[in-house]
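Okay, here's what each chain looks like letter by letter:
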Amino acid sequence: MSSTTATETPTANPAKTSLIRLQAVVTTWAITGLVLFGAAWALGLQATWWQRILLALPIAGLGCLDSRGFAAVIEIRARLTRALADLDWVQNPLAVAGGAWLLGLMAPVGQRLAVAAVIALVAALYRYAPHAAAPDGGAR
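Residues numbered from 1 in each chain as written. Predicted model: local features only at pLDDT ≥ 70, side-chain atom pairs only at ≥ 80, totals over all residues. Heavy atoms only, no water.

A. Seen up close, the overall build of the chain. Regarding its fold elements, the chain presents five helices and zero strands. Across the chain, helices and strands are ordered from the amino to the carboxyl terminus as α-α-α-α-α. Residue pairs at least 24 apart in sequence account for 77% of intrachain contacts in the chain once pairs closer than 6 positions are excluded. Here the chain displays about 10100 Å² of accessible surface, and carbon together with sulfur accounts for 69% of that area. (Helix = DSSP H or I, 4+ residues; strand = E, 2+ residues; numbered from the N terminus. Contact = heavy atoms within 4.5 Å. Areas by Shrake-Rupley, 256 points an atom, 1.4 Å probe, with all protein chains shown as cover.)

What follows is the structure in structure tokens.
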């Protein structure tokens, strides 16, 4: 027979819960940084390698404070998670552009506008294409 009774509830593995929390912390702060750096790329802001590192340090610091359990930083992360979700499809291209900016890959303004136009076109195709799921229960 089992050593547990029917009235006992199984407890979550604390190590697994801690790992999931750490993944959430790292993911949220990393994506936030990449989206912010993507905005810098889209605006054409240029920085040397050491300036890019200095700009990444506050985000890394907030991630460390978050992992240590500072309540104010945890609240900021919760709000950032909602803000990133509100960005919807724009989040991924901005994060990719942020990675390019961190690597120092800049493009002239014409190429940045062309990339933005392609992203908008692809998003519109996915939104309005006949194969896309209809929003709001089938109403178009």
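Having seen the structure, we can now continue with the description.
B. Representation of the side chain of Thr 32. Relative to the assigned elements, Thr 32 resides in helix H1 (residues 14–43). On the basis of relative accessible area, Thr 32 is assigned to the buried category, the value being 7%. (Buried < 20%, exposed > 50% of the residue type's maximum accessible area, 1.4 Å probe, protein only.)

C. Region of interest: the pattern of salt bridges. The tally for this structure, following the rule as stated, stands at three salt bridges. A salt bridge links Asp 66 to Arg 21; the shortest N-O distance between them is 3.7 Å. Here the residue Asp 66 occupies a position in helix H2 (residues 49–68), and Arg 21 occupies one in helix H1, the gap between them amounting to 45 residues. Judged by its relative accessible area of 32%, Arg 21 is partly exposed. Across the pair Asp 66 and Arg 77 runs a salt bridge whose closest N-O atoms are separated by 2.3 Å. Of this pair, Asp 66 sits in helix H2 while Arg 77 sits in helix H3 (residues 71–87), placing them eleven residues apart in sequence. Overall, Asp 66 belongs to the buried group, its relative accessible area being 0%. (Salt bridge = Lys/Arg side-chain N within 4 Å of Asp/Glu carboxyl O.)

D. Structural detail: H2. In this model H2 runs 29 Å from its N-terminal to its C-terminal C-alpha over 20 residues, within 8% of the 28 Å that 1.5 Å per residue would give. Residues of H2 that are buried include every one of Arg 52, Ile 59, Gly 63 and Asp 66, and no others. On its buried face, H2 sits against H1, H3 and helix H4 (91–102). Following H2 by one or two positions, Gly 69 adopts a phi angle in the positive range, close to 95 degrees. (Expected span 1.5 Å × (residues − 1).)

E. Inspection of the packing of aromatic side chains at higher detail. In this structure the tally under the stated criterion is one aromatic pair. Seen from their ring centres, Phe 37 and Trp 101 are 5.3 Å apart, and the 25 degrees between their planes marks the pair as stacked. Taken as a pair, Phe 37 in helix H1 and Trp 101 in helix H4 lie far apart in primary sequence, 64 residues in all. As far as burial versus exposure is concerned, Phe 37 and Trp 101 are alike and both buried. (Phe/Tyr/Trp six-rings, centres within 6.5 Å; stacked < 30°, edge-to-face > 60°.)

F. Broad picture of the nonpolar core. In this structure, Val 25, Trp 29, Phe 37, Ala 40, Trp 41, Ala 47, Ile 59, Val 73, Ala 97, Ala 100, Trp 101 and Ala 107 together form the largest nonpolar core, which totals twelve residues. For this core, the secondary structure elements donating two or more residues are H1 and H4. The leading source of residues in this core is H1, at five residues. (Core = buried A, V, L, I, M, F, W, Y, C linked by side-chain atoms within 4.5 Å.)

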